[in-house]
Amino acid sequence: MRAAVYDHYGPADVLRIEDVEKPAPKEDEVLVAVHATTVNRLDVHTREANRSGGRVVSFLSRLVSGIRAPRQRILGSEFAGEVVAIGAAVREFGIGDRIFGNTGLGFGAYAEFMRVRESWRVALMPKGMGFEDAAAISDGFLNALTCLKQADLRKGRSILVYGASGSIGTAGVQLARYYGAEVTAVCSTKNVELVRSLGADRVIDYTKEDFTKNGETYDVIFDAVGKHSFERSKGSLKAGGLFLATDGFRNLLLAIWTPRFSDKKVIFQIPPKQTKQDVQFLKALVEAGKYRAVIDRRYPLTDVVEATRYVETQHKTGNVVLTLDGAATS
Ligand SMILES: NC(=O)c1ccc[n+]([C@@H]2O[C@H](COP(=O)([O-])OP(=O)(O)OC[C@H]3O[C@@H](n4cnc5c(N)ncnc54)[C@H](OP(=O)(O)O)[C@@H]3O)[C@@H](O)[C@H]2O)c1
């Protein structure tokens, strides 16, 4: 089968298309003919061994992914496709089922076929949704949900989502809206209408207004893009307010320190706790019309390097999909 592989940590062009052996499902696994996957920040960070995070973070990243070289040659954590074979112990899925989900650090989706354990974060695709949309909904959602679960969001509570146009941000706005909170979203000019359409009550264009200077305060500030900070946000948090982080070694330390010594707290859950039930919840939200995919660009798998370079600009809107046109089904 064809797959995008890499054998060394490094820039986007370490990725290349190669013919590799087609996997066979184990007892508790299904074999999926992948129709679509995505390039997300997990792929990008893992491929460069988190070098941009500094030496400590890069070392920790290599401990997980392989010290000298990546153990898993095929990236891609989000997928949507069709089940073409099942292991003897599989009960939930059958051949021909259309499924979607997220393998996290298990990766494997940049390929025509992938093995997926039945118990992983995988579910039948939402009714009426296509492969490309289904591939693009899980990563941002799971990351946003992990954070927002900590925030007791409900009617009467307010949240500011910073970086509302990214993968996690677009998910965060939709989820916060679902929970009934009053949502203020921060993004750049070109994404204001999109973010409003996702359910934000108020949108602040960060190129025109600095939210930390307008006197407004919130119960929760969610830095969905890792480009703000607790220190700069503190004055915009109400008493007892929460700063939800998605990135940054410093936030790990603050998440230990602030609950003990500060009225306003940083929350940063590492590793994120994400479950199969979360994916089933996502499917239900989509089917109820409460959640939708946000796709910026689509590329064929063969253009994985170009797609990756675009994601690395850090200016994509929502998600970037890789398609496996004419994906084999047997
Ligand atoms: N996705 C993952 O798998 C994953 C997992 C764990 C942690 N994280 C971390 O979570 C964070 C978000 O990831 P993501 O995948 O959601 O990011 P993303 O989709 O790449 O975010 C890009 C978006 O952020 C906006 N943006 C860029 N600079 C900004 C700024 N200074 N202020 C406000 N918005 C800005 C961009 O729009 P404009 O340029 O137009 O503003 C763009 O829409 C990152 O720090 C990442 O490392 C990601």
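1. Considering the pattern of salt bridges
Part 1: One pass over the structure, following the stated rule, counts 19 salt bridges.
Part 2: For Asp13, the salt bridge is made with Arg309, and the minimal N-O distance between the two is 3.7 Å. Of this pair, Asp13 sits in the loop between β1 (2-5) and β2 (16-19) while Arg309 sits in helix α10 (residues 304-312), and the two are 296 residues apart along the sequence.
Part 3: Note on Asp13: relative accessible area 49%, which makes it partly exposed.
Part 4: A relative accessible area of 46% means that Arg309 is categorised as partly exposed.
Part 5: When the shortest N-O distance is used, the salt bridge between Arg250 and Glu231 registers 2.5 Å. Placement of Arg250 in helix α8 (residues 249-261) and of Glu231 in helix α7 (residues 230-233) is noted, with a sequence separation of 19 residues between them.
Part 6: Several salt bridges share partner residues, and in doing so they unite Asp7, Arg16, Glu18 and Arg73 into one network.

2. Description of the site of the ligand
Part 1: Close contacts around the ligand come from 27 residues, with Ser165, Ser188, Tyr206, His315 and Lys316 the closest.
Part 2: Within the side chain of Tyr206, one N or O atom sits 2.6 Å away from an oxygen atom of the ligand.
Part 3: Counting only elements with at least two residues in the shell around the ligand, the list comes to α1 (41-47), α4 (138-148) and α5 (167-178).
Part 4: Of all the elements, α1 adds the most residues to the shell around the ligand, at 3 residues.
Part 5: Among the residues making up the shell around the ligand, the classes are represented as 6 nonpolar, 15 polar and 6 charged.

3. Structural notes on the environment of Gly54
Part 1: Within the fold, Gly54 resides in the loop between α1 and α2 (55-65).
Part 2: What makes Gly54 partly exposed here is its relative accessible area of 28%.
Part 3: Each C-alpha atom, one on Gly54 and one on Phe249, is 9.2 Å from the other, the two residues being 195 residues apart in sequence.

Analysis parameters
Residues numbered from 1 in each chain as written. Predicted model: local features only at pLDDT ≥ 70, side-chain atom pairs only at ≥ 80, totals over all residues. Heavy atoms only, no water. Salt bridge = Lys/Arg side-chain N within 4 Å of Asp/Glu carboxyl O. Helix = DSSP H or I, 4+ residues; strand = E, 2+ residues; numbered from the N terminus. Buried < 20%, exposed > 50% of the residue type's maximum accessible area, 1.4 Å probe, protein only. Near = heavy atom within 4 Å. Polar contact = N/O pair within 3.5 Å; in protein donor to acceptor, adjacent residues only side chain to side chain. Nonpolar A, V, L, I, M, F, W, Y, C, P; charged D, E, K, R; others polar.

Purely spatial values, then, with no claim about function.
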